[in-house]
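Here's the letter readout for the chains.
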Amino acid sequence: MSMLVKLKSIVMLSIFSSSLLATELQLSGFIGQGYVVADDSQFIVGDNDHAFDITEAAFAVSWKPIEHVRVASALSYRQWGTLYDSAVKFDYLFAEYTYQFGEQNFGARAGLFKSEIGFYSSTRDVPFTRPSIMLPQSIYSDYFRDAQLHFEGGDVFGMHPVFDGMLDWRLTVGKVDITDDFDRNILGGTDFGEFDSEHYYAADVEFQNNSIRLGLTYYDAEVSYSPSAIGGYSPGDIQLVNWVFSGQFRYKNFELTGEYLTGDKMINGLMFPVEFGEFKEPSLGYYLDLRTYLPYEVELFIRFDKHIDNTDDKDGQAYEMRFGSPAYFAYSDDWTFGARWFPSHNWLLAVEYHHVEGASWVTPLVSPTPSVQAKKWSMFAMQVSYRFQW
């Protein structure tokens, strides 16, 4: 029995016996239903130009049986068009120990949990805590979701008062949680082989006060690939080594947020025989998001999101010569206009429109299909969500 399986058993036993023993028990959850329409693209919608199967839900439990110790778990359901097949799975499942020394806090966790990449990675699947229906793909790519989001392992963390705010830090080590969705989004199907996790290392630090929020994240994630008898791919691996710089400034009813990613994507094998050596791409991504908070709990925002697969080939001309696919599969420029309305604390209605040039984050990654993906395309999305807490 693996360590994670043992931990799951302990956590679930603890949760179900909590009515007798709990000193602090919290239950919460949400459900969201969306709709997406795409023009000149099959991203998310597939063969149709629209998709109703945009559904996400979660039920979470947090329990403190004794001082300093907490166990937490969440079951989630997610169906996101062609990007993710519907499934119920553990979103996180961990045990945590924290110790407070004056105004400072130290702790450690072990189990299955989410990464802290940038501002929104750990809460990206909760409609109420992310800034839009679809996050900026330059930082929070959906096609590499499995290589960046869930992982099994442990971390240590701390929180300290600094000047007029709080400083948080976290060090993480483990392995990412790979699913069949990753195989489909990278290769176009599950019959061409499978990916498995090799390692995940990360360090994150963040400062926040009433008007600013600043963050810095470093992460190194590697997945290996074992080909099947069909497909013509070679054994290999993909490694992401990235830095993410995050900043947010708030003034009255306005908020400006920006995040910048720089690093390398290293590929061995897959499209090329292993003897060709490592194929290295210095990548770049950033976005700027400006929003205003209006009366009656209404938010309006405009965002520009840019992604370049290889900064040595910004216009994609070398990509087109090497792979034969159009140059616009090597970059993406996404203008997003959106609104969010909270008619009550428990309800959220969100709408947004994307005008995109390029397709560097359109799946499948290694076998793009120019016949169904235009250089300039658009997408409209809406979602209604409800949350609860006991």
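Everything discussed here concerns the structure shown above.
Conventions we followed
Residues numbered from 1 in each chain as written. Predicted model: local features only at pLDDT ≥ 70, side-chain atom pairs only at ≥ 80, totals over all residues. Heavy atoms only, no water. Helix = DSSP H or I, 4+ residues; strand = E, 2+ residues; numbered from the N terminus. Rg over C-alpha atoms; globule rule 2.2 N^0.38 Å. Buried < 20%, exposed > 50% of the residue type's maximum accessible area, 1.4 Å probe, protein only. Contact = heavy atoms within 4.5 Å. Areas by Shrake-Rupley, 256 points an atom, 1.4 Å probe, with all protein chains shown as cover. Lys, Arg positive; Asp, Glu negative; His and termini not counted. Charge placed at Lys NZ, Arg CZ, Asp CG, Glu CD. Pairing = 2+ DSSP bridges. Polar contact = N/O pair within 3.5 Å; in protein donor to acceptor, adjacent residues only side chain to side chain. Core = buried A, V, L, I, M, F, W, Y, C linked by side-chain atoms within 4.5 Å. Salt bridge = Lys/Arg side-chain N within 4 Å of Asp/Glu carboxyl O. Phe/Tyr/Trp six-rings, centres within 6.5 Å; stacked < 30°, edge-to-face > 60°. Lys NZ or Arg CZ within 6 Å of the ring centre and 35° of its normal.

Undergrad: Quick question: what am I supposed to make of the overall build of the protein here?
TA: Each helix and strand in the protein was counted, giving four helices and 16 strands. The C-alpha radius of gyration computed for the protein amounts to 21 Å, which stays within 12% of the reference 21 Å derived for 390 residues, consistent with globular compactness. Each principal axis of the C-alpha atoms in the protein carries an extent, and together these give about 65 × 55 × 40 Å. Residue burial in the protein is summarised as follows: out of 390 residues, 52% are buried. Here the contacts in the protein between residues at least 6 apart in sequence split such that 63% fall between residues at least 24 apart. For the protein, the accessible area works out to roughly 18000 Å², and carbon and sulfur atoms hold 60% of it. Between the centroid of the 28 positive side chains of the protein and the centroid of its 52 negative side chains there is a distance of 5 Å.

Undergrad: Can you help me understand the pairing of strand 3 (residues 69-80) in this one?
TA: The side chains of a regular strand alternate between the sheet's two faces. Bridge count for strand 2 (residues 50-66) against strand 3 is eleven bridges, and the pairing is antiparallel. Note that in strand 3 the partner of Val 61 across the bridge is Ser 73. Two successive antiparallel strands, strand 2 and strand 3, enclose a turn made up of two residues, where His 68 displays a positive phi of approximately 80 degrees. Direction of pairing for strand 3 relative to strand 4 (residues 84-101): antiparallel, over a ladder of eleven bridges. Note on strand 4: the bridge partner recorded for Val 69 is Tyr 97. What sits between the antiparallel neighbours strand 3 and strand 4 is a turn of three residues, in which Gly 81 has the positive phi angle 55 degrees.

Undergrad: Quick question: what am I supposed to make of the side chain of Arg 109 here?
TA: Of note, Arg 109 is situated in strand 5 (residues 104-114). Here the side chain of Arg 109 touches Asp 155 through a polar contact of 2.7 Å, side chain to side chain. Arg 109 has contacts with Phe 94, Ala 95, Glu 96, Lys 114, Glu 116, Gly 153, Gly 154, Asp 155, Phe 157 and Arg 170, leaving out every residue within four places of it along the chain.

Undergrad: I would appreciate a short explanation of the nonpolar core in the present structure.
TA: For soluble globular proteins, nonpolar side chains are generally found buried alongside one another. Counting 60 residues, the largest nonpolar core has Phe 43, Ile 44, Phe 144, Phe 195 and Tyr 219 as its most contacted members. A per-element tally of this core places strand 9 (residues 212-227) first, with four residues. Other than its neighbours up to four places away in sequence, Phe 43 contacts Ala 38, Leu 83, Met 134, Trp 361, Val 362, Thr 363, Trp 377 and Met 379. Residues Phe 30, Ala 58, Phe 128 and Leu 348 belong to the second largest nonpolar core, which totals five residues.

Undergrad: What is the right way to read the pattern of salt bridges from this model?
TA: Any two side chains of opposite charge can pair if their charged atoms end up close together. For the structure shown, the criterion picks out 23 salt bridges. Across the salt bridge formed by Arg 170 and Asp 155, the nearest N and O atoms sit 3.0 Å from each other. Taken as a pair, Arg 170 in strand 7 (residues 165-176) and Asp 155 in strand 6 (residues 150-162) lie far apart in primary sequence, 15 residues in all. For Lys 306, the salt bridge identified is with Asp 333, shortest N-O distance 2.8 Å. Taken together, the residues span a long stretch of sequence, with Lys 306 in strand 13 (residues 298-308) and Asp 333 in strand 14 (residues 331-344) at a distance of 27 residues. Like Lys 306, the residue Asp 333 is buried in the burial classification.

Undergrad: Where do I start with the packing of aromatic side chains in this structure?
TA: In this description, a pair of aromatic rings is defined by centroid distance and the angle of the planes. Across all of its chains, the model carries 25 aromatic pairs by this definition. With a centroid separation of 4.8 Å and 50 degrees between ring planes, the pair formed by Trp 347 and Tyr 386 is classed as tilted. Of this pair, Trp 347 sits in strand 15 (residues 347-358) while Tyr 386 sits in strand 16 (residues 376-389), and the two are 39 residues apart along the sequence. Taking relative accessible area as the criterion, Tyr 386 reaches 29% and is therefore assigned partly exposed. Put simply, the rings of Tyr 92, Phe 94, Phe 113, Phe 151 and Tyr 200 touch in pairs and so form one group of aromatic residues. Seen from the ring of Phe 113, Arg 109 lies directly overhead, with NZ or CZ sitting 4.1 Å from the centre. Above the face of the Phe 119 ring, Arg 213 is positioned so that its terminal group lies 4.0 Å from the ring centre.

Undergrad: Explain unusual backbone geometry here, please?
TA: Where the residue is not glycine, phi is negative for most of them; where a peptide bond is considered, it is trans in most cases. Across the junction of Thr 363 and Pro 364, the peptide omega takes the value -5 degrees, indicating a cis bond. As for its position among the elements, Pro 364 is in the loop between strand 15 and strand 16. Not every positive phi belongs to a glycine, and Asp 40 is a case in point at roughly 65 degrees. Within the secondary structure, Asp 40 is located in the loop between strand 1 (24-39) and strand 2. Overall, the relative accessible area of 44% leaves Asp 40 in the partly exposed class. Despite not being glycine, Glu 297 has its phi angle at roughly 60 degrees, a positive value. By the secondary structure assignment, Glu 297 is in the loop between strand 12 (278-294) and strand 13.

So, to be careful, I would describe these as geometric facts and stop short of saying anything about function.
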